[in-house]
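# Structural characterization, general
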Amino acid sequence: MLDNYNLTMLTDFYEISMANGYFQSDIRDQEAVFDMFFRRVPDNGGFAIMAGVEQLIKYMKNLKFTGEDIEYLRGKKCFSEDFLEYLANFKFTCDVWAVPEGTPIFPHEPIVTVKGPLIQAQFVETFILLTINHQTLIATKSNRIVRAAQGRPVMEFGTRRAQGASAAVDGARASYIAGCVGTACTIADRDYGVPALGTMAHSWVQTFDSEYEAFKEYTRIYPDNAVLLIDTYNVLKSGLPNAIRVFKEMKPEKMGIRIDSGDIAYLTKKCRKILDENGLEDCSIVISNSLDEYLIRDVILEGAQIDSFGVGERLITSKSEPVFGGVYKLAAIERNGQLIPKMKISENVEKITNPGFKRVYRLFDKESNKAIADVITMHDETIPEQDGYEIFDPNAIWKKKWLKNFYAKELLVPIFQKGECVYESPSLDEIRQSCKEQIETLWEETLRFENPQTYYVDLSKKLWSTKQDILNRYTDL
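As a further point, take the pairing of strand β12 (residues 326–335). Bridge count between strand β1 (residues 31–38) and β12: seven bridges; the pairing is antiparallel. Among the inter-strand pairings, Met36 is bridged to a residue of β12, identified as Tyr328. One ladder, built from four bridges, connects β12 with strand β13 (residues 338–341); its direction is antiparallel. Bridge assignment links Arg335 to a residue of β13, and that residue is Gln338. Hairpin connection between β12 and β13: a loop of two residues separates the two successive antiparallel strands, and Asn336 in this loop has a positive phi of roughly 55 degrees.

Time to look at helix α15 (residues 428–439). With twelve residues, α15 should reach 16 Å at 1.5 Å per residue; the first-to-last C-alpha distance of 17 Å fits that figure. Among the residues of α15, those classed as buried are Leu428, Ile431, Cys435, Gln438 and Ile439. Projected down its long axis, α15 carries its buried residues within an arc of 95 degrees, all on one side.

By the definition in use, this model includes 21 aromatic pairs. Measuring from ring centre to ring centre gives 5.8 Å for Phe79 and Phe83, while their planes differ by 45 degrees; the resulting arrangement is tilted. Judged by its relative accessible area of 0%, Phe83 is buried. Just above the ring of Phe13 sits the side chain of Lys76; from NZ or CZ to the centre is 5.4 Å.

Another aspect to go through is the sheet that holds β13. With respect to topology, seven strands assemble into an open sheet ordered β13-β12-β1-β5-β3-β19-β20, the strand pairing being antiparallel. The open sheet terminates on both sides in strands that have one partner only, identified here as β13 and β20 (420–421). As paired elements, strand β3 (residues 95–98) and strand β19 (residues 413–417) share three bridges and run antiparallel to each other. In the sheet register, Trp97 faces β19, and the bridge partner there is Pro414.

The next thing to look at is the environment of Glu390. Position of Glu390 among the secondary structure elements: in strand β16 (residues 389–393). We classify Glu390 as partly exposed; its relative accessible area is 23%. Here Glu390 is in contact with Lys400, Lys401, Trp402 and Lys461, once residues within four sequence places are set aside. Here the side chain of Glu390 touches Lys461 through a polar contact of 3.2 Å, side chain to side chain.

Turning next to the packing of helix α10 (residues 211–221) against helix α11 (residues 235–250). Interhelical geometry of α10 versus α11 gives an angle of 40 degrees and a closest axis separation of 9 Å. Considering the angle they form, α10 stands oblique to α11. Of the two elements, α10 crosses α11, and the hand of that crossing is right-handed. The segment α10 lies against α11, with Glu211, Tyr212, Phe215, Lys216, Thr219 and Arg220 engaging Ser238, Gly239, Asn242, Ala243, Arg245, Val246, Glu249 and Met250. Its residues assigned to classes, the contact of α10 with α11 shows five nonpolar, four polar and five charged.

Rules of the game
Residues numbered from 1 in each chain as written. Predicted model: local features only at pLDDT ≥ 70, side-chain atom pairs only at ≥ 80, totals over all residues. Heavy atoms only, no water. Pairing = 2+ DSSP bridges. Helix = DSSP H or I, 4+ residues; strand = E, 2+ residues; numbered from the N terminus. Expected span 1.5 Å × (residues − 1). Buried < 20%, exposed > 50% of the residue type's maximum accessible area, 1.4 Å probe, protein only. Arc of directions from axis to C-beta. Phe/Tyr/Trp six-rings, centres within 6.5 Å; stacked < 30°, edge-to-face > 60°. Lys NZ or Arg CZ within 6 Å of the ring centre and 35° of its normal. Contact = heavy atoms within 4.5 Å. Polar contact = N/O pair within 3.5 Å; in protein donor to acceptor, adjacent residues only side chain to side chain. Axes fitted to C-alpha atoms, helices over the stretch in contact; angles between N-to-C directions. Parallel < 35°, antiparallel > 145°, perpendicular 65-115°, else oblique. Left-handed = near helix turned anticlockwise from the far one by under 90°. Nonpolar A, V, L, I, M, F, W, Y, C, P; charged D, E, K, R; others polar.

Here it is, written out as structure tokens:
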């Protein structure tokens, strides 16, 4: 979304203030490494789903300050002319790695890494966070809802409740990656290829003199997809009988009823029974209401007769937890030609970062192809598959496990090298399929909604020792 806009100035003002400070302090070209990561999964889930990389690439490809931007900044009267001239000739030259979209991700592991001149690597913080945080949030919530539906199609119906145009369009994209079959958002189909779906609103039914006439006219116009909204007046006394009458008279190729209110379990069971008694076993039942993964799970357990779901505001806003807490932190800085590991230390243990220029590996069991654990290493390390490898809990180092018969996959892939894009984004359908396949590598215990099994993100011995050395150095002060 917003592809035709120059988004360079979509940043927190302190990024520009710091950039000016780095410039004036003559440290703008020092090599720096920044990591984006998150600290916890929304809704206390077992994992999140990476999304938003394609929009990040578009942003980085088009980084430039226009004359209008420079004049605006000059008008703030707090930036030097030399700095403004630097911005006028700005060229992005960083290296960037990211976890591919659709990949399950876990707390504290880098999901985007930027390495390059300090002034540039710092400047891109805001957009990285806003695009990855948002789409990852919606993809994560959508997948929970899709899994709750147990194979029944889920449609994203939240466009009008999204928090702005970009949230609606990019949210539809993220929901499709995570398993939704389509969206109510037309422009998301035009721009991203997310199938646009939808039938009628209550206003269509109210426009005609009778509900029967409204249904008949709609079925005449759309005989290959006659899905009729039957709860405008009364589902069982009016809507369903009129829908059945129209279906029998006009015999559409595809037929369905949609219910948008009321007791879902009760109504769908009654409707299914009556439809079947009238020889309309092929008529589908679609539910669209204020749904989420818990309501969907519960009505299925109650025996509700539902063929597909339309989910709106609780999906597109991730209403139960509407913030994905990704952060962007300095991990290393150049000194005398060497990258020196840096870390944030806090009394809040969760906020202590992992230092240094790093890699992330996912380890899989060769027999089951199930994911065992992720391991964060220093960038010059590899995982020795042939000789075996010991993993340990970085927060309880006596918990150790020796792995054999496994293989390792590196999660962070190159996106930019020296400012040039080296990554070809897969199609949206390829990302969606990859997401489905990768979720199947997770154990069922990790997929639980309540109290999922913790998936371990371990540190290599070298990284753990580096972290301890820095902690000891500063806590001994």
